[in-house]
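# Commentary on secondary and tertiary structure
Residues per chain are reported as follows:
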Amino acid sequence: MAEPQSAPSAESSDAHVRPVPIRFFDAFGGKALRLNNSLGAFAIFFFRAFILIFRPKQIAEIVQQIYFIGARSAQIVMLVAFFTGMVLGLQLYFVLVKFGSVGVLGTAISLTLIREMGPVLTAIMVTARAGSAMTAEIGIQRISEQIDALQTMRIDPLGFLVSPRIAAAVVSFPILTAFFDLVGIIGAWVSGCLLLGVNSGTYFARVISSPDFSDIMGGFYKSIVFGLLIVTTCCFQGFFTHMRTDSYGAKSVSLSTTSAVVISCVMVLISDYVVTSFII
Amino acid sequence: MEAQREPIIEFRKVVKSFGPRTILDGVDLSIYEGEVTTLIGLSGTGKSVTLKHIIGMLKPDAGQILYQGKAIDQMDKNEWNTYIGKISYMFQNNALFDSMTVFENVAMPLKYTTKLSKKQIAEKVMARIEQTELTEVADKYPSEISGGMQKRTALARALVTDPQIVLFDEPTTGQDPIRKNAILGMVAQYQKRLGFTALLISHEIPDVFFISNRILGLYDKKIVFQGSPEALAHFDHPFHDQIVSSIEGLQEELTGLYSKRHFKVRYQTDLAKRNPDDTYAAAVFKLKDMDDVSAALGHDAAQQIIRTLGTYIKKHFGAVGGFSSRQTINEFGTILPYSNVVEAEGILSDFIHDFREKGMRELVDVSVADEASEDTYEIVIEAGLAQGKPQIEIESVMEFARFNQKPIATFLCGVSGGSTR
């Protein structure tokens, strides 16, 4: 005897009945709403954490985070800065020599590093080193109920975990950027002057005279914006790792860390354009 | 009687769902001040969810939760802070901060939520660390200490703020029988000493009955039982058959003796067939002042003594057809269905001799191993015998035996060793 065929569910039959444009807008609208919710949550997360920087007993935590985000990242940032400077010196020398303008190597190097490459590459390096660690640490604290434990002890998890990191980013990022600029200029001097024979006096005279105060401050403004975006993104991803629907437990921490790094890097590049367009 | 008392925490028709799945469906429960209340139910039925509602980590979809008659969702910020400041929560997996030492973990709630000075915090924290026998590991990280020590660290952290209510989410999970009973003993002892209201989630039946004033039974998304552990034994409901009976083993894990329920069943089946004029003997054994023993030697040592006593009772009285059960946290009851009191005295005499010669010697290791016990301390075991008849209620016979109790073995112990009397 033939088995009776099961009737299709109302939902699936509805999906077949709905015309394609409706289904498209349904999917598009759903994604837009989710993005809107996420951005709203991100903004509330940032503002609440930012306000909690100014509550008592934060200094020690902030100093500890400055050490982790700033001091512990200094070595890798300077290493990258040195070789970035060397490559820039090399590339720009061979471009400028075609026009007989190697004398402006110092100008090109200093403006490139101070305005753009210093803040952006510093931000990306700190994302890779400290940002990923932040996401993983907070994510593990979330899945092992340490964040819930904070709530039960009347300790605001945002104030305890996120605020000191945001404050530390505001302090650390401009300092790291300044180090990057300085070491990058030295790297370019090594490749341009010591190896390729550009006059050192001309190089440093151009480095000193070319950037004006607004160039230097513009670089610092960028680094502060990048720092706030990176720390908030990384902490946000870790803090809500338990809300992920694609994975659970350790896997969710791993995916949150990946997302944090990718989103941070993309946001750095997007915000770089936005901030540059405002300060130029 | 319960109707006249005002509960400190009350749930009224609380409903909670996660997506399409309803976890709590009209839960009504009452928790009374100064009592140990235990919530039992199968895994995944919403016990932790119930606890998390009390501390505000979850909010009900419908219904109300009241603290001393006031709905917690209608409290203003100050009232809420005062309320939440009176509650501590001990997590199932401890939720210790793994980048902080034991001391720092215990100090955390004081450091960030009080205005105490560093010195005051250190004093309070060290006091709790000493009470929970963690002095030697105060500077170690959670990953460097045993699971039992981690549990005690979580307990110390939960108690360091002197809370009014402490919520324990399966505090004995993953522990060996001695440690399980030590933790339950610790909860009972601190509850008596500090007077807080305790709400436990536990599967340790019947052990948890020894320390509980009230039991709450969560079954099919509702609280189906609220009452004393004794009343639960007579509760005629699928909850009893499916949950209590399935969790409660034939033998108690710590001592290997019958559970109280099976002890009663054995009593009824063995003695119901007997002639009403037949007599039998009953004995009661007790570790005197167990709280003091725990305080002096540690909770583990106290549980080790209970285990040793249970082993020797089984060895001597089981051999002549007797059956025994732990009646309370520090008391054993034994029925000798085929012996009269005179014969029982002879068996008891052999038991005393063997226990003094060998059993007490095993306790030397316990007392020496615990370096916290710098002074000598007296462990006293008492025993009493009574004669019973099949038609007499077992409780009455046991009461007679208790009345006849006298010290049978005294053991002086300290860091240098021990001696028996």
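No experiment lies behind these values; they were computed from the predicted model shown. (Residues numbered from 1 in each chain as written. Chains lettered and ligands numbered in written order. Predicted model: local features only at pLDDT ≥ 70, side-chain atom pairs only at ≥ 80, totals over all residues.)

## A look at the overall build of chain A
As a reminder, the rule being used: In this description a helix means any DSSP run of H or I spanning at least four residues, a strand means any run of E spanning at least two, and both kinds are numbered starting from the N terminus. Only C-alpha atoms enter the radius of gyration; for comparison, a globular chain is expected to reach 2.2 Å times N to the power 0.38, where N is the number of residues.
From N to C terminus, chain A includes 9 helices and 0 strands. Helices and strands appear in chain A in the N-to-C order α-α-α-α-α-α-α-α-α. Expected size for 280 residues packed as a compact globule is a radius of gyration near 19 Å; at 25 Å, chain A overshoots this value by more than 25%. Projected onto its principal axes, the C-alpha positions of chain A cover 95 × 50 × 35 Å.

## Remarks on the overall build of chain B
Worth spelling out the cut-off: Residues are scored as being in contact if the C-beta atoms we place from backbone atoms lie within 7 Å.
Assigned secondary structure in chain B consists of 13 helices and 16 strands. Over its C-alpha trace chain B gives a radius of gyration of 23 Å, about what one expects of a compact globule, namely 22 Å for 421 residues. Seen along its three principal axes, the alpha-carbon backbone of chain B occupies a region of about 70 × 55 × 35 Å. Long-range pairs, those at least 24 residues apart, make up 71% of the contacts in chain B with a sequence separation of at least 6.

## Here we look at the confidence of the model for chain A
Stated formally: As a per-residue measure, pLDDT tells how confident the predictor is, with possible values from 0 to 100.
Per-residue pLDDT for chain A has a mean of 90; in total, 94% of the residues score no lower than 70. Taken together, the stretch residues 1-12 of chain A has pLDDT below 50 and engages in 1 contact with residues farther than four places along the chain or on a different chain.

## Here's the deal with the sheet that holds strand β7 (residues 165-169) of chain B
Residue and element names in this part refer to chain B. Inclusion rule: Here, a strand pair is defined by DSSP locating no fewer than two bridges between the strands. As a rule, the C-alpha atoms of each element are fitted with a line to give its axis, helices using only the stretch in contact, and angles between N-to-C directions run from 0 to 180 degrees.
If you trace the 6 strands from one edge of the open sheet to the other, you get β6-β7-β8-β3-β9-β10, paired in mixed fashion. At either margin of the open sheet sits one strand with a lone partner, and together these are β6 (87-90) and β10 (222-227). Sheet twist, expressed as the average angle between the axes of neighbouring strands with direction ignored, equals 15°. As paired strands, strand β3 (residues 36-40) and strand β9 (residues 214-219) are joined by 4 bridges and run parallel to one another. Paired with L39 across the strands is L216, a residue of β9. Against the sheet, helix α5 (residues 147-159) touches β6 and β7, its axis set at about 170° to β6.

## With respect to the nonpolar core
Note the cut-off: The nonpolar core is taken to be a set of buried Ala, Val, Leu, Ile, Met, Phe, Trp, Tyr and Cys residues joined by way of C-beta atoms within 7 Å. Three exposure classes are used. Buried residues have 20 or more other C-beta atoms within 10 Å of their own C-beta, exposed residues have 12 or fewer, and partly exposed residues fall in between, all C-beta atoms being placed from the backbone. Start and end points for every domain follow an automatic or database-based domain assignment.
Counting residues in hydrophobic clusters, the biggest one holds 171 residues, and the most contacted among them are L167(B), V187(B) and A283(B). When residues in this core are grouped by element, the largest group, 16 residues, is from helix α6 (residues 157-195) of chain A. Here this core spans two domains, since at least three of its residues come from each of domain 1 (9-247) and domain 2 (260-420) of chain B. Beyond its immediate stretch of four places on either side in the chain, A283(B) contacts T334(B), A344(B), L348(B), A383(B), G384(B), L385(B) and A401(B).

## Focus on α6(A)
Residue and element names in this part refer to chain A. Here is the rule we go by: Working rule for helices: expected span equals 1.5 Å times residues minus one. The bend at a residue is defined as the angle formed between two axes, one fitted to the seven residues ending at that residue and one fitted to the seven starting there.
Under the 1.5 Å per step criterion, the end-to-end length of α6 is 53 Å for 39 residues, consistent within 8% with the ideal 57 Å. Along its length, α6 reaches its greatest deviation from straightness, about 35°, at S163, and the proline P164 lies no more than four positions downstream. Counting buried residues in α6 gives 29 out of 39 residues, a clear majority hidden from the surface.

## Comments concerning unusual backbone geometry
All names here are of chain B. Of note in the backbone geometry, A95 takes a positive phi value of approximately 55° without being a glycine. Within the secondary structure, A95 sits in the loop between β6 and α3 (102-113). Located in the positive-phi region is D220, a residue other than glycine, with phi close to 55°.

## Here's the deal with the pairing of strand β2 (residues 21-31) of chain B
All names here are of chain B. Sheet analysis places strand β1 (residues 9-18) next to β2, joined by 8 bridges and oriented antiparallel. For E10, the partnering residue across the bridge sits in β2 and is S30. From the end of β1 to the start of β2, which pair antiparallel, there are 2 residues, and G19 there has a positive phi angle of about 65°.

## Here we look at the interface of chain B and chain A
Where we set the bar: Under this grouping Gly is polar, as are all residues other than the nonpolar Ala, Val, Leu, Ile, Met, Phe, Trp, Tyr, Cys and Pro and the charged Asp, Glu, Lys and Arg.
Every contact between the two is made by 14 residues of chain B and, on the other side, 11 residues of chain A. For the side of chain B that touches chain A, the secondary structure elements donating two or more residues are α2 (77-85) and α3 of chain B. Taken together, the residues that form the side of chain B that touches chain A break down as 10 nonpolar, 4 polar and no charged.

## Re the environment of A282(B)
All names here are of chain B. Relative to the helices and strands, A282 is located in strand β11 (residues 280-287). Classification of A282 as buried rests on a count of 27 C-beta atoms within 10 Å. Residues A282 and A401 lie 119 residues apart in sequence; the distance between their C-alpha atoms is 6.7 Å. Apart from residues lying up to four places away in sequence, A282 is in contact with G333, T334, I335, A386, G388, V397, M398 and A401.

## Things to note about the sheet that holds strand β4 (residues 62-67) of chain B
Residues and elements named next belong to chain B. Reading across from one edge, β2-β1-β4-β5 is the order of the 4 strands in this open sheet, with antiparallel pairing throughout. The open sheet terminates on both sides in strands that have one partner only, identified here as β2 and β5 (70-71). Bridge count between β1 and β4: 5 bridges; the pairing is antiparallel. Note on β4: the bridge partner recorded for F11 is I65. The strands that helix α1 (residues 47-54) touches are β1, β2 and β4; relative to β2, the one it contacts most, it runs at about 60°.

## Description of the confidence of the model for chain B
For chain B, per-residue confidence averages 84 on the pLDDT scale, and 92% of positions sit at 70 or higher. The low-confidence segment residues 368-373 of chain B (pLDDT under 50) makes 13 contacts with residues lying over four places distant or belonging to another chain.

## Some details on the packing of α3(B) against helix α4 (residues 118-131) of chain B
Residues and elements named next belong to chain B. Applied cut-off: Note on angle classes: values under 35 degrees are labelled roughly parallel, values over 145 roughly antiparallel, values of 65 to 115 roughly perpendicular, and the remainder oblique. Here is the rule for handedness: rotate from the far helix to the near one, and if that takes an anticlockwise turn smaller than a right angle the crossing is left-handed, while a clockwise turn gives right-handed.
Remark: α3 packs on α4, axes separated minimally by 9 Å, with the N-to-C direction vectors making an angle of 130°. One element, α3, and the other, α4, form an angle in the oblique class. Where α3 crosses over α4, the handedness of that crossing is right-handed. Each of F103, V106, A107, L110 and K111 in α3 lies in contact with α4, whose residues at this interface are I121, K124, V125, R128 and I129. Residues of the contact of α3 with α4, tallied by class, amount to 7 nonpolar, no polar and 3 charged.

## Focus: the pairing of β11(B)
Residues and elements named next belong to chain B. The buried fraction of β11 is high, at 7 of 8 residues. Sheet analysis places β11 next to strand β13 (residues 331-336), joined by 6 bridges and oriented antiparallel. Bridge pairing links K286 to E331 in β13.

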